[in-house]
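Working through the structure, step by step
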Amino acid sequence: MVTYRYLSDKFLKPLHEKIRSEGLEQGIEQGIEQGIEQGIEQGIEQGIEQGIEQGIEQGRQEGREEERHRWTGWNQRRLDAEEKGEPFDEPPPGSNGSQEQRTKE
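Being a predicted model, the structure only gives us computed values, none of them experimental.

**Considerations on the overall build of the chain**
Across its full length, the chain holds two helices and zero strands. For the chain, the exposed surface amounts to about 9,300 Å²; the carbon and sulfur share of it is 51%.

Right, dumping it as structure tokens:
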């Protein structure tokens, strides 16, 4: 029994510790790799979401500017006609009759 314990402590215990530490190192490396992969995936997802949000906001802003441009142009033509005493029968932007006017601009 004493001999078994001596031999176990001398040869087996260091071997078990080595295996355990290598396993721990391997586990740490795998954990780091998984963390990096998850971080990259999360970063990509967040980047896509932010890109979509920015694209939507930019589209809305451009749409508002375009609509404002149509209305100010229409109003200016209306005021010019009124000033000259001419009839003005152009429908306002957004109405069904203004489709032809949009294609002219």
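There's more to say after this.
**Observations concerning a negative patch on the surface**
A surface patch of like charges, here negative, comprises Glu 22, Glu 25, Glu 29, Glu 33, Glu 37, Glu 41, Glu 45, Glu 49 and Glu 53. Inspection of the secondary structure puts Glu 37 in helix H1 (residues 2-84). Judged by relative accessible area, Glu 37 falls into the partly exposed class, the value being 47%.

**Overview of the pattern of salt bridges**
Going through the model one piece at a time under the given rule, you end up with five salt bridges. When the shortest N-O distance is used, the salt bridge between Arg 78 and Glu 82 registers 3.5 Å. Of this pair, Arg 78 and Glu 82 both sit in helix H1, four residues apart, which is roughly one turn of that helix. Glu 82 gets classed as exposed once you look at its relative accessible area, which sits at 54%.

**Some words on the side chain of Glu 90**
If you trace the backbone, Glu 90 turns up in the loop between H1 and helix H2 (99-104). Only 2.7 Å separates the side chain of Glu 90 from the side chain of Arg 77, close enough to count as a polar contact.

**Points about a nonpolar patch on the surface**
Taken together, the side chains of Leu 24, Ile 28, Ile 32, Ile 36, Ile 40, Ile 44, Ile 48, Ile 52 and Ile 56 present a nonpolar region at the surface, about 860 Å² in accessible area. Along the chain, Ile 56 falls in helix H1.

**Comments concerning the packing of aromatic side chains**
A ring pair, where both rings are aromatic, is described by two values, the distance of the centres and the angle of the planes. Overall, the coordinates contain two aromatic pairs when judged by the stated rule. For the pair Trp 71 and Trp 74, a centre-to-centre distance of 5.5 Å together with 75 degrees between the ring planes defines the contact as edge-to-face. With Trp 71 and Trp 74 both in helix H1 and three residues apart, the pair spans about one turn of that helix. By relative accessible area, Trp 71 is classed as partly exposed at 37%. Seen in terms of ring centroids, Trp 74 and Phe 88 are 5.8 Å apart; in terms of plane orientation they differ by 65 degrees. Their pairing is edge-to-face. One end of the pair, Trp 74, is in helix H1; the other, Phe 88, is in the loop between H1 and H2, with 14 residues separating them in the sequence. Accessibility expressed as a relative area gives 12% for Trp 74, which makes it buried.

**Points about the confidence of the model for the chain**
When the pLDDT values of the chain are averaged, the result is 84; 80% of them are 70 or greater. Per-residue pLDDT stays below 50 along residues 98-103; that stretch engages in eight contacts with residues further than four places along the chain or on separate chains.

How each quantity is defined
Residues numbered from 1 in each chain as written. Predicted model: local features only at pLDDT ≥ 70, side-chain atom pairs only at ≥ 80, totals over all residues. Heavy atoms only, no water. Helix = DSSP H or I, 4+ residues; strand = E, 2+ residues; numbered from the N terminus. Areas by Shrake-Rupley, 256 points an atom, 1.4 Å probe, with all protein chains shown as cover. Patch = residues over 30% accessible without salt bridge, like charges linked within 9 Å, V, L, I, M, F, W, Y side chains within 5 Å. Salt bridge = Lys/Arg side-chain N within 4 Å of Asp/Glu carboxyl O. Lys, Arg positive; Asp, Glu negative; His and termini not counted. Charge placed at Lys NZ, Arg CZ, Asp CG, Glu CD. Buried < 20%, exposed > 50% of the residue type's maximum accessible area, 1.4 Å probe, protein only. Polar contact = N/O pair within 3.5 Å; in protein donor to acceptor, adjacent residues only side chain to side chain. Phe/Tyr/Trp six-rings, centres within 6.5 Å; stacked < 30°, edge-to-face > 60°. pLDDT = per-residue confidence, 0-100. Contact = heavy atoms within 4.5 Å.

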